[in-house]
Amino acid sequence: MSHGADGSVLDVGRRTRTIPPALRRALLARDRQCRFPGCTARRCDAHHIEHWIDGGPTSLDNTALLCRTHHRAIHEGGFSLVREPDGTLTFFRPDGARLDPVPRLPILAMDGADPLGPTAARLRRAGIQIGRFTCAPREGYPFDIPWAIDVMRSPARDVDGSPLPQRAPTST
């Protein structure tokens, strides 16, 4: 067994497949949530990266937190993951394509600044006012959901009607 500085168990080798409480605490402290790209679930299973049945040790380096949905996707859905030498996890789709990491959501400043201030200013310059009746039915007709979906699927345009620059796809 390998122990941490505080004496907690960090590696039990091949002895057992189950995750000891000390190893689970270390895993929770390191990962905090599901490690699948874009998932923020906090109720997670400990997953052996190299499966225990295939000789993978029960250690901190060979485990990662995955929510039940993504844990099942790895075991039954054909997804896979590997730990890179630098410790990062790389996930792959069933067809072998790499899943790009999803950037974390920005933390909004709590200094009293309006996080939507730049957007609100741009709308004001364009003469657009959004209020509590912006999406209210007009002339007795209900909100037109198909029209709204068509608008969202059309190419993005600025408030003056000019096309917004498209983000170039990232290649890996």
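Q: Break down the overall build of the protein for me, citing the residues and quoting the values.
A: Within the protein, the regular secondary structure consists of 4 helices and 8 strands. Listing each helix as α and each strand as β along the protein from the N terminus yields β-β-α-β-β-β-α-β-β-β-α-α. Per-residue burial over the protein gives 24% buried out of 172 residues. Considering only contacts in the protein between residues 6 or more positions apart, those separated by 24 or more positions represent 47%.

Q: Could you give me a rundown of the packing of aromatic side chains, with the residues and numbers involved?
A: For any two aromatic rings, the description comes down to two numbers: the centre-to-centre distance and the angle of the planes. Per the counting criterion, the structure on display carries 2 aromatic pairs. With 5.7 Å between their ring centres and 70° between their planes, Phe36 and Phe79 make a pair best called edge-to-face. Remark: Phe79 occurs in the loop between α2 (68-76) and β6 (80-83) and Phe36 occurs in the loop between α1 (21-31) and β3 (44-48); sequence separation between them is 43 residues. The class of Phe36 is buried, set by a relative accessible area of 9%. Centre to centre, the rings of Phe36 and Phe91 are 5.1 Å apart; their planes meet at 65°, and the pair counts as edge-to-face. Linking Phe36 in the loop between α1 and β3 with Phe91 in strand β7 (residues 89-92), this pair joins segments that are 55 residues apart in sequence. We note that Phe36, like Phe91, is buried. Ring-pair connections join several aromatic residues into one group, and the members of that group are Phe36, Phe79 and Phe91.

Q: Before we move on, could you go through unusual backbone geometry and cite the residues and values that matter?
A: Even without being a glycine, Arg32 presents a positive backbone phi close to 70°. Note on placement: Arg32 falls in the loop between α1 and β3. Arg32 sits in the exposed class, given a relative accessible area of 56%.

Q: Could you give an account of the pattern of salt bridges, with specific residues and numbers?
A: Tallying each qualifying case throughout the model produces 4 salt bridges. The shortest N-O distance in the salt bridge between Arg35 and Asp31 comes to 2.8 Å. The partly exposed category is assigned to Arg35, whose relative accessible area is 28%. Take Asp31: its relative accessible area is 5%, and that puts it in the buried class. Asp45 serves as the salt-bridge partner of Arg68, at 2.8 Å between the closest nitrogen and oxygen. Note that Arg68 is positioned in helix α2 and Asp45 in strand β3, a separation of 23 residues in sequence.

Q: I'd like to hear about the nonpolar core, residue by residue, with values.
A: Ranked by size, the top nonpolar core spans 19 residues in total, and within it Cys34, Phe36, Leu66, Leu81, Leu89 and Phe91 carry the most contacts. Of all the elements in the fold, those that place two or more residues in this core are α1, β3, β5 (63-67) and β7. Per-element accounting of this core gives the leading share, 4 residues, to β5. Setting aside chain neighbours within four positions, we find Phe36 in contact with Leu66, His70, Phe79, Phe91 and Leu99.

Q: Which residues make up a nonpolar patch on the surface, and what values do they have?
A: On the surface, Ile145, Ile149 and Met152 cluster together to form a nonpolar patch covering roughly 330 Å² of accessible area. Tracing the backbone shows Ile145 in helix α4 (residues 145-153). For Ile145, a relative accessible area of 52% corresponds to the exposed category.

Conventions adopted
- Residues numbered from 1 in each chain as written.
- Predicted model: local features only at pLDDT ≥ 70, side-chain atom pairs only at ≥ 80, totals over all residues.
- Heavy atoms only, no water.
- Helix = DSSP H or I, 4+ residues; strand = E, 2+ residues; numbered from the N terminus.
- Buried < 20%, exposed > 50% of the residue type's maximum accessible area, 1.4 Å probe, protein only.
- Contact = heavy atoms within 4.5 Å.
- Phe/Tyr/Trp six-rings, centres within 6.5 Å; stacked < 30°, edge-to-face > 60°.
- Salt bridge = Lys/Arg side-chain N within 4 Å of Asp/Glu carboxyl O.
- Core = buried A, V, L, I, M, F, W, Y, C linked by side-chain atoms within 4.5 Å.
- Patch = residues over 30% accessible without salt bridge, like charges linked within 9 Å, V, L, I, M, F, W, Y side chains within 5 Å.
- Areas by Shrake-Rupley, 256 points an atom, 1.4 Å probe, with all protein chains shown as cover.

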